[in-house]
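# Observations on the model geometry
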Amino acid sequence: MLGLGITALLASFMSGMAGNVTAFNTVCTYDIYQSYIRPKASDRHYLAVGRAVTVAGIALSIIAAYAASQFNNIMDVLQLVFAFVNAPLFATFSWVCSGSARPAMAHLRTVRRDCGGAVHQGLTLPNGAVPGIKGGWLGVLHLYPSEMAQNFWTAIFAWTTCFVLTILVSC
């Protein structure tokens, strides 16, 4: 019975990962590459690009897993990801929902979303950590008592930078 349960868990995990790989492949190949980079290529070309994107995506996920292993727990990793992704996205949606946003801001969305948080994380470090994946890769201007505190302030800097730049680009 235990073997059946483990088999079911592994099958569920593999199914979820296959869905994520397929979604990554589709977004990169069709939504980005076909729409903006090479719109009128053959299906054979898109298939080759899709295969390359799949291999690159799996390699990136392996690298991300090794990077995540440098943290004390998975919550610190998730909070760092949320600081880089969710906080700036919330800032963008806050401005868009106000009705003052212009379509021109979409072109700089990715750059401005990540710049504030990346600079903050690159200039700060939690106590006891060495410069690298946990921060301080630009230099250490401030030490935080914990990774969670650093992630919290990274989210604040990311949100603020994104919000201010969204307003400036929209105006």
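Here's what I pulled together on the structure shown here. Note on numbering: residues in each chain are counted from 1, in written sequence order. This being a predicted model, a pLDDT of at least 70 is required before a residue's local features are given, and a value of 80 or more before pairs of side-chain atoms are given or counted; all residues contribute to the totals for chains, interfaces and linings. Side-chain figures throughout are based on the complete set of non-hydrogen atoms in the structure, without hydrogens or water.

### Points about the overall build of the protein
- The numbering of helices and of strands both runs from the N terminus, where a helix is a DSSP run of H or I of at least 4 residues and a strand a run of E of at least 2. On a plain count of helices and strands, the protein comes out with five helices and two strands.
- Relative to its full complement of 171 residues, the protein shows a buried share of 26%.
- The long-range fraction of contacts in the protein, counting pairs at least 24 apart against all pairs at least 6 apart in sequence, stands at 57%.
- Each accessible area is a Shrake-Rupley estimate made with a 1.4 Å probe; only the visible protein chains count as cover when residues are assessed. Accessible area of the protein: about 11000 Å², with a carbon and sulfur share of 71%. Under the scheme applied here, a residue whose accessible area is under 20% of the maximum for its type counts as buried, over 50% as exposed, and between as partly exposed, the area being computed with a 1.4 Å probe on protein chains only. Whether two residues are in contact is decided by their heavy atoms, any of which lying within 4.5 Å being enough.

### Topic: the pattern of salt bridges
- A pairing counts as a salt bridge when a side-chain nitrogen of Lys or Arg comes within 4 Å of a carboxyl oxygen of Asp or Glu. As enumerated under the stated definition, the model contains one salt bridge in all.
- Across the salt bridge formed by K134 and E147, the nearest N and O atoms sit 2.7 Å from each other. Remark: E147 occurs in helix 5 (residues 147-170) and K134 occurs in the loop between strand 1 (124-126) and strand 2 (142-144); sequence separation between them is 13 residues. Considered together, K134 and E147 belong to a single accessibility category, that of buried residues.

### Points about the side chain of T154
- Along the chain, T154 falls in helix 5.
- Of note is the side chain of T154, whose polar atom sits 2.8 Å from the backbone oxygen of Q150.
- Setting aside residues up to four positions removed in sequence, T154 forms contacts with A83, F84, G117, H120 and Q121. Distance and chemistry together define a polar contact, namely a pair of N or O atoms within 3.5 Å, with one atom able to donate a hydrogen and the other to accept it when in protein, and with adjacent residues in sequence counting only for side-chain atoms on both sides.

### Focus: the packing of helix 3 (residues 74-97) against helix 5
- Where helix 3 contacts helix 5, the axes come no closer than 8 Å and their chain directions differ by 20°. Compared by their axis directions, helix 3 and helix 5 come out roughly parallel. Handedness of the helix 3/helix 5 crossing: right-handed.
- In the contact of helix 3 with helix 5, the residues fall into 16 nonpolar, seven polar and two charged. Axes here refer to lines fitted to C-alpha atoms; in helices the fit is confined to the stretch in contact. Angles between the N-to-C directions go from 0 to 180 degrees. By the definition adopted for this analysis, an angle is roughly parallel if under 35 degrees, roughly antiparallel if over 145, roughly perpendicular if from 65 to 115, and oblique otherwise. Crossings are assigned a handedness: left-handed for a near helix turned anticlockwise from the far helix by less than a right angle, right-handed for a clockwise turn. Throughout, the ten residues Ala, Val, Leu, Ile, Met, Phe, Trp, Tyr, Cys and Pro are labelled nonpolar, Asp, Glu, Lys and Arg are labelled charged, and all others, Gly among them, are labelled polar.

### Quick notes on helix 3
- Multiplying 1.5 Å by the residue count of a helix minus one yields the expected span of that helix. For helix 3, built from 24 residues, the straight-helix expectation of 34 Å at 1.5 Å per residue is met to within 8% by its first-to-last C-alpha distance of 32 Å.
- Fitting one axis to the seven residues ending at a residue and another to the seven starting there, the bend at that residue is the angle between the two axes. If you look at helix 3, its biggest bend is around 40°, right at F82.
- When helix 3 is considered as a whole, its buried residues turn out to be D76, V77, L80, A83, F84, A87, P88, A91, T92 and W95.
- Taking the backbone nitrogen of M75 as reference, a side-chain oxygen 3.1 Å away marks N73 as the first, capping residue of helix 3.

### Looking at the side chain of N151
- Tracing the backbone shows N151 in helix 5.
- When sequence neighbours within four positions are dropped, the list of residues in contact with N151 reads D76, Q79, L80 and A83.

### Digging into helix 1 (residues 2-37)
- Look at helix 1: 50 Å from first C-alpha to last across 36 residues, which is about the 52 Å you get at 1.5 Å a residue.
- What helix 1 keeps buried is the set N25, T29 and Y33.
- On its buried face, helix 1 sits against helix 2 (43-68).

### Regarding the environment of P145
- Its location among the elements puts P145 in the loop between strand 2 and helix 5.
- Residues P145 and N127, spaced 18 residues apart in sequence, show a C-alpha to C-alpha distance of 5.4 Å.

### Points about a nonpolar patch on the surface
- Nonpolar side chains (Val, Leu, Ile, Met, Phe, Trp, Tyr) are joined into patches within 5 Å and like charges within 9 Å, using only residues with over 30% relative accessible area and no salt bridge. Taken together, the side chains of I74, M75, L78, V81, F82, V85 and M148 define a hydrophobic patch exposed on the protein surface, amounting to about 560 Å² of accessible area.
- With six residues, helix 3 is the largest single contributor of residues to the nonpolar patch.
- One can find M148 in helix 5.

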